[in-house]
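A structural walkthrough
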Amino acid sequence: MTQNLIMTLFGDPFAVMNTIGLIAFAFVGSSKAIREKFDVFGIAIVGLTMAFAGGATRDILVSRIPLALQSPIEISLGLFGVGLAIVLSAVLKSPDAHPITVIADAIGLAAFTTTGAIVAAETGVSVFGVIAIATINAVGGGAFADILLDRSPFILFDDFYASCAVLGGCAFFITDAIGVSGSTAAGACALVTIITRLAAVTYDWDLPTLQGVFK
Amino acid sequence: MTQNLIMTLFGDPFAVMNTIGLIAFAFVGSSKAIREKFDVFGIAIVGLTMAFAGGATRDILVSRIPLALQSPIEISLGLFGVGLAIVLSAVLKSPDAHPITVIADAIGLAAFTTTGAIVAAETGVSVFGVIAIATINAVGGGAFADILLDRSPFILFDDFYASCAVLGGCAFFITDAIGVSGSTAAGACALVTIITRLAAVTYDWDLPTLQGVFK
Amino acid sequence: MTQNLIMTLFGDPFAVMNTIGLIAFAFVGSSKAIREKFDVFGIAIVGLTMAFAGGATRDILVSRIPLALQSPIEISLGLFGVGLAIVLSAVLKSPDAHPITVIADAIGLAAFTTTGAIVAAETGVSVFGVIAIATINAVGGGAFADILLDRSPFILFDDFYASCAVLGGCAFFITDAIGVSGSTAAGACALVTIITRLAAVTYDWDLPTLQGVFK
């Protein structure tokens, strides 16, 4: 088990990014559920949904059985993130708005954009397919979590959330097309996603609405 | 047709549980839609969604074409449940809160937890995979129905609903691991699920919220 | 590219209907998002969701990788529809309620009912399977779009929307069973769907609610 964990942590780019993403998103999802005063079961469900829904959707789209259902280590990583959120909620005020959570969310977004791009590239879908699967993998969990929380998916209102995943997916495709090693493409994807996301949060970037453009 | 029905009713554990679950959940889903004053088409859609969405999600997760789309008998069982709800709605006040509906819901929950566990065990996923697929099969239909009814999925607020499916899935895994016959494991799963569910409803069990624990 | 487009436009019934449906539904979905004052990214997401979610669900149900992720032309057609909506929103008042949008929606509904029926018939599912997949392909996109817009899927309240797809699916199955050519069955399906839909909108058809029947 510990050995598996070590292998996972220092294995291929997919395993590393997947591990980081699962813990980060399970933590963020659970923090949202805690804010909504869900019971412990609801907290675990929302956390695991945010951690696994994006990847499961990715696996379903490329018609394979979701990884999360096959490897026991995946679920333990998710539960670890849920546990972190519960522990921190005891010490932090409004854990879901805390900088730690905002940063964890950006990290998860970058990690899952990368895992999505890696899987899609292996499946041999179109350019759009790679970017779409990377984006769905990255934002799908948050969207499902919001539906469980009965809110309109925030990804539609936070202009530079899904956009960052799209940019990261493009970065992956371009570096990959140039023919550099998979790890380099993965790194470029993760970097572009997290940097644009953190910049968007810091400088509060906005995309125009048509009402702003035409009226 | 009648012959098929008899075969289905007295066939393997999967067929028995599947038949019971489809009728029970179609009945419960339609009763909810009637309460919301949906038209007859909406009533049928919500009923069939509650009956089939969980199993379809299960089949998609193990990458196979949903049973409901392949066997004509499945849909007739679902429509039978919808019909029951429509007939009873003429004689009962608030059919969706009536004891008959509460019990039908517990029966459907137990039946679908079992069918999910049986299918998952055949697919050879991890322990978590078996419990997750059993739970998704059991609560997926109700969650989809609630989204169609534009409500936050009740499974997140009713503490001992999905929890009962999780316990039933554990019971299946343990009895199955001991090496007893499939039918025994199926029976154990169904019993644990329905007993915990009915007990939870009767004694109004609750899980603690973190606000209750920490504040 | 232009060549591909021409081939798509004058190819087999599936390609023709698919092209029409993608542009029409992307246009309708984007118009809804513009009405809700979403930013340009949100407008594109809702438009593409309405255009692709139904077909992706269809492909997932028959366990194959969604077409939209494999062919670059699919996405360009969707983006063309999004662009149309943005341009028209500059000249039309309330584009989402405009007759152009209502007609485009009916056209998309008919086109996707047909593509769904064609794919389902090739997969060899049951009669119900053909009608169900045709209906899901036709209304799935709109339902997903409404969930993103945080509204209860209108298909449950607009009595003759999904019903038209069901009727179109039946028309396809009957003509197909008679043994006429695929193109004829496709044409019959599309005609029945669009005529019933436009008639329902024009004459404001309604299905009874049980409250109307029993009370």
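Per an unreviewed UniProt entry, the recorded name for chain A is TRIC cation channel family protein, and the organism is Haloarcula rubra. Under the UniProt heading Subcellular location (unreviewed entry), the entry covering chain A gives this text: "Cell membrane".

A word on the overall build of chain A. Counting its secondary structure elements, chain A contains 9 helices and 0 strands. If you list the helices and strands of chain A from N to C, you get α-α-α-α-α-α-α-α-α. For chain A, the residues scored as buried account for 57% of the 215 residues in total. Long-range contacts, defined as pairs at least 24 residues apart, comprise 72% of the intrachain contacts of chain A with a sequence gap of at least 6.

Time to look at the packing of helix α2 (residues 13–35) of chain B against helix α3 (residues 40–61) of chain B. Axes are the key here: two packed helices are described by the angle between their axes and the distance separating the axes. All names here are of chain B. At a closest axis distance of 7 Å, the pairing of α2 and α3 adopts a crossing angle of 140°. Judged by the inter-axis angle, α2 sits oblique to α3. Crossing geometry of α2 relative to α3 is assigned as right-handed. The residues of α3 that touch α2, namely those facing F14, L22, F25, A26, V28, G29, S30, A33 and I34, are G42, I43, V46, G47, M50, A51, F52 and R58.

Moving on, we come to the packing of aromatic side chains. Two numbers describe a pair of aromatic rings. These are the distance of the centres and the angle of the planes. All names here are of chain B. Under the criterion given, the structure shown has 3 aromatic pairs over all chains. Note on F25 and F112: the rings are 5.3 Å apart at their centroids and 75° apart in plane angle, and the pair reads as edge-to-face. You can see F25 sitting in helix α2 and its partner F112 sitting in helix α6 (residues 99–123), a full 87 residues away along the chain. One exposure class covers both F25 and F112, and it is buried.

This next bit is on the side chain of T193 of chain B. All names here are of chain B. Mapping T193 onto the fold places it in helix α9 (residues 182–203). Taking the relative accessible area as the measure of exposure, T193 reaches 0% and is therefore buried. In contact with T193, not counting residues within four places along its chain, are L109, A110, T113, C164, A165 and G168.

Okay, unusual backbone geometry next. Most peptide bonds take the trans configuration, and most residues that are not glycine carry a negative phi. The backbone phi angle of S63 of chain B is positive, close to 35°, even though this residue is not glycine. Within the fold, S63 of chain B resides in the loop between α3 and α4 (67–70). The phi torsion at K37 of chain C lies on the positive side, around 60°, for a residue other than glycine. Secondary-structure assignment places K37 of chain C in the loop between α2 (13–35) and α3 (40–61).

Turning our eyes to something else, we now look at the pattern of salt bridges. Counted under the stated rule, the structure contains 12 salt bridges over all chains. For the salt bridge of R64 of chain A with D59 of chain A, the shortest nitrogen-to-oxygen distance reads 2.8 Å. Residue classification places D59 of chain A among the buried positions, given a relative accessible area of 1%. Put simply, D59 of chain C and R58 of chain C hold a salt bridge, and the shortest N to O gap is 3.1 Å. Each member of the pair D59 of chain C and R58 of chain C is classed as buried. Residues participating in the shared-partner salt-bridge network are R58, D59 and R64 of chain A.

It is worth spelling out the state of the cysteines at this point. A full pass over the atoms with the stated rule returns 0 disulfides over all chains. Distance from the sulfur of C164 of chain C, which forms no disulfide, to the nearest cysteine sulfur (C189 of chain C) is 11 Å.

Before going further, it helps to spend a moment on the nonpolar core. Membership of the largest hydrophobic core comes to 57 residues, with the highest contact counts inside it found for V125 and F172 of chain A, V125 and F172 of chain B together with V125 and F172 of chain C. Apart from residues lying up to four places away in sequence, F172 of chain C is in contact with A117, I118, A121, V130, A185, A186 and C189 of chain C. F41 of chain B together with A51, L77 and A165 of chain C belong to the second-largest nonpolar core, a separate cluster that totals 38 residues.

Scoring rules and cut-offs
- Residues numbered from 1 in each chain as written.
- Chains lettered and ligands numbered in written order.
- Predicted model: local features only at pLDDT ≥ 70, side-chain atom pairs only at ≥ 80, totals over all residues.
- Heavy atoms only, no water.
- UniProt positions renumbered as here; feature names shortened; annotations may be inferred.
- Helix = DSSP H or I, 4+ residues; strand = E, 2+ residues; numbered from the N terminus.
- Buried < 20%, exposed > 50% of the residue type's maximum accessible area, 1.4 Å probe, protein only.
- Contact = heavy atoms within 4.5 Å.
- Axes fitted to C-alpha atoms, helices over the stretch in contact; angles between N-to-C directions.
- Parallel < 35°, antiparallel > 145°, perpendicular 65-115°, else oblique.
- Left-handed = near helix turned anticlockwise from the far one by under 90°.
- Phe/Tyr/Trp six-rings, centres within 6.5 Å; stacked < 30°, edge-to-face > 60°.
- Salt bridge = Lys/Arg side-chain N within 4 Å of Asp/Glu carboxyl O.
- Disulfide = S-S within 2.5 Å.
- Core = buried A, V, L, I, M, F, W, Y, C linked by side-chain atoms within 4.5 Å.

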